[in-house]
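Each chain, written out:
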Amino acid sequence: MAATIPHAGRPVDRRGILIELGGTALVVFALTISLVGFHIKDISGGITLDLRIVDVVSAVAIALVVRGWMILMRHGYYRVVTISAGAVAAILVVSLLFGGAGVQFYMPFKAKLLQWLLAILSTGFAIGAALRMARDGRTAVAEDDGAASDKQVALMDRVGAQVQRNALWIGGFLFAAAACFPFMPGVNLQYLDIGVLVLTYIMLGWGLNIVVGLAGLLDLGYVAFYAVGAYSFALFASPDSPLLQELGLTEGISFWLCLPFAGLMAALAGVALGFPVLRLRGDYLAIVTLGFGEMIRVTLLNFYSLTKGPDGISKIPPPSLLGYSTESKMDEETLENTTEFHTAMGWEFDQADTTVLLYFVILAMALATNFFTVRIRKLPVGRAWEALREDEIACRSLGINPTNTKLTAFGLGAMFGGFAGSFFATRQTFVSPESFTFIESAVILAIVVLGGFGSQIGVVVAAFLLIGLPEIFRELQEYRMLFFGGSMVLIMLWRPAGLLAHREPTIRMHRRKARGGRAEAGGAA
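Rules used throughout
- Residues numbered from 1 in each chain as written.
- Predicted model: local features only at pLDDT ≥ 70, side-chain atom pairs only at ≥ 80, totals over all residues.
- Heavy atoms only, no water.
- Salt bridge = Lys/Arg side-chain N within 4 Å of Asp/Glu carboxyl O.
- Helix = DSSP H or I, 4+ residues; strand = E, 2+ residues; numbered from the N terminus.
- Buried < 20%, exposed > 50% of the residue type's maximum accessible area, 1.4 Å probe, protein only.
- Phe/Tyr/Trp six-rings, centres within 6.5 Å; stacked < 30°, edge-to-face > 60°.
- Expected span 1.5 Å × (residues − 1).
- Contact = heavy atoms within 4.5 Å.
- Polar contact = N/O pair within 3.5 Å; in protein donor to acceptor, adjacent residues only side chain to side chain.
- Core = buried A, V, L, I, M, F, W, Y, C linked by side-chain atoms within 4.5 Å.
- Axes fitted to C-alpha atoms, helices over the stretch in contact; angles between N-to-C directions.
- Parallel < 35°, antiparallel > 145°, perpendicular 65-115°, else oblique.
- Nonpolar A, V, L, I, M, F, W, Y, C, P; charged D, E, K, R; others polar.

A. Looking closely at the pattern of salt bridges. Enumeration over the complete set of coordinates arrives at 8 salt bridges. One salt bridge connects Arg427 with Asp193, and the closest N-O pair in it is separated by 3.2 Å. One end of the pair, Arg427, is in helix H18 (residues 402–428); the other, Asp193, is in helix H8 (residues 189–214), and 234 residues separate them in sequence. Relative accessible area serves as the criterion here: at 34%, Asp193 is assigned to the partly exposed category. Where Arg377 meets Glu386, a salt bridge forms, and the shortest distance between an N and an O atom there is 2.8 Å. In this structure, Arg377 and Glu386 share a single accessibility class: buried. Connected through shared salt-bridge partners, Glu392, Arg396 and Lys406 make up one network.

B. Representation of the packing of aromatic side chains. The tally for this structure, following the rule as stated, stands at 14 aromatic pairs. Residues Phe424 and Phe436 carry aromatic rings whose centres are separated by 5.7 Å and whose planes lie at 70° to one another, so their mutual orientation is edge-to-face. Taken together, the positions of Phe424 in helix H18 and Phe436 in the loop between H18 and helix H19 (438–451) put the pair 12 residues apart, joining distant regions of the chain. For Phe424, a relative accessible area of 13% gives the class buried. Here the aromatic residues Phe181, Phe183, Tyr359 and Phe360 are joined through ring pairs into a cluster of three or more.

C. Expanded view of helix H9 (residues 223–237). An ideal rise of 1.5 Å per residue puts 21 Å on 15 residues; H9 measures up with 21 Å between its terminal C-alpha atoms. Among the 15 residues in H9, 14 count as buried, and that is most of the element.

D. Layout of the environment of Leu285. Tracing the sequence through the fold places Leu285 in helix H12 (residues 282–302). Sequence-wise, Leu285 and Asp219 are 66 residues apart; in three dimensions their C-alpha atoms are separated by 7.3 Å. When near neighbours in sequence (up to four residues on either side) are disregarded, Leu285 contacts Leu217, Leu218, Val277, Leu280 and Phe410.

E. View of the side chain of Ser232. You can see Ser232 is positioned in helix H9. A relative accessible area of 8% means that Ser232 is categorised as buried. In terms of polar contacts, Ser232 uses its side chain to reach the backbone carbonyl oxygen of Val228, at 2.6 Å. Ignoring anything within four residues of it in the chain, the contact list for Ser232 reads Phe261, Ala262 and Met265.

F. The arrangement of the nonpolar core in detail. In this structure, Met365, Val431 and Ile447 are the most contacted members of the largest nonpolar core, which totals 89 residues. Considering every element that reaches this core, the biggest residue donor is H8, with 16 residues. Listed in part, the 9 residues of the second largest apolar core include Val66, Val81, Ala85 and Ala126.

G. Summary view of the packing of H9 against H12. Contact geometry of H9 with H12 gives a least axis separation of 8 Å together with a crossing angle of 30°. Here H9 is positioned roughly parallel relative to H12, judged by the angle of their axes. Taken together, the residues of H12 that come into contact with H9 (itself represented by Ala224, Phe225, Ala227, Val228 and Tyr231) are Phe292, Gly293, Ile296 and Leu300. Residue composition of the contact of H9 with H12, grouped by class: 8 nonpolar, 1 polar and no charged.

Okay, structure coming up:
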């Protein structure tokens, strides 16, 4: 029988706690030893292997401390957690703000960013334990193990519902912040480029949200439509395209003319994918969509006569503005700029102007995607998607055609993926099959899952967390996947439905109750 420590009327299993801590140490050790434990250095004398045992041991120690705090809070030792976590947070904050060289010297990770993250985590534990202790008035174990977690989940659900109800105000604030972002003080070209990247993934997340969040169809090959849109634009816009060279053309079609064509081609690819998967559900549907995405990538890689295979297509022009090019090109005969927008306006060329233009182009495209999704959700086809997501058999019994419903979801979701792909091509000025691997589909799906199925604002939050923060914190690039995986695990444990998951029905059989407590007349008597 396991040795126990009586506490607050209920025994605490020592052996179970040790097993839990040991399992945590083994998991963290297995992850860190493969990801950050070894570093290959190429020096003049040859290639050497640099062992980072200190980093691995430090990661295990940090994980054990955090897990220990969680165990202590679970068993009611709030005072211990408050004191210890507060002390750790205070030491880290003082070291970072006032330059405590001694403390930073003994920190296992030299990156200040990681120290800030640890300080924030410790502060969160200290505040959480203090609030719990103030609420209970004593350090006691809750009578029900699931009571605290249930209250937290209920609180988060209420927060998600409140966010959805105030979506108009929150959306307006986010739009104002996004519109003013390029003109804010301290925003340089790097941050602006990160903003363009985040908005691209927000648009992709909103497009995939039609398929996964509204229609409930798990799609692991969404990057295929992204690739179709990118190559549809590149083949008709770049002078380096084999298609234009075969036609004898030296100039391609404008971005604004190719954009609808790219969306149409991606939508056709979505419908082509929809036909074979009409009778599939769940894991089988995911496997087929995954295979479709890989088929598109392999086709682009091997169809060299059209796509140039692994060499890719370059010289893709940026979007034009009012009929003028936004590039800086000189006429070989006159050696003067005559067709450029900055020349027509009497401005000097600046690369930042092109980045600002790209930022507002993707912002407009993302807003159009959001507007379309919100509006179509209230139409019969949107309600058919939600009915299909909840129960396909009930959907059939209501007279809804599942075939048409699935095809419209795949087609419209793919269309926005194609729009985003064409923007990706004009932003990068180069496309190749290596840009459309499975990891892209996984990241886009993770954004939808993390934000919450069907939640538009949740996609924005998740895109910022999964795309923006890793780009801003590139000094921790060796640990980014570790944080990425850890955050996903925590979300699945604490918020399996997503950060802001709240399914507000688009139509109700009865009206809501009035404030006075009397139900208003609604529906059939």
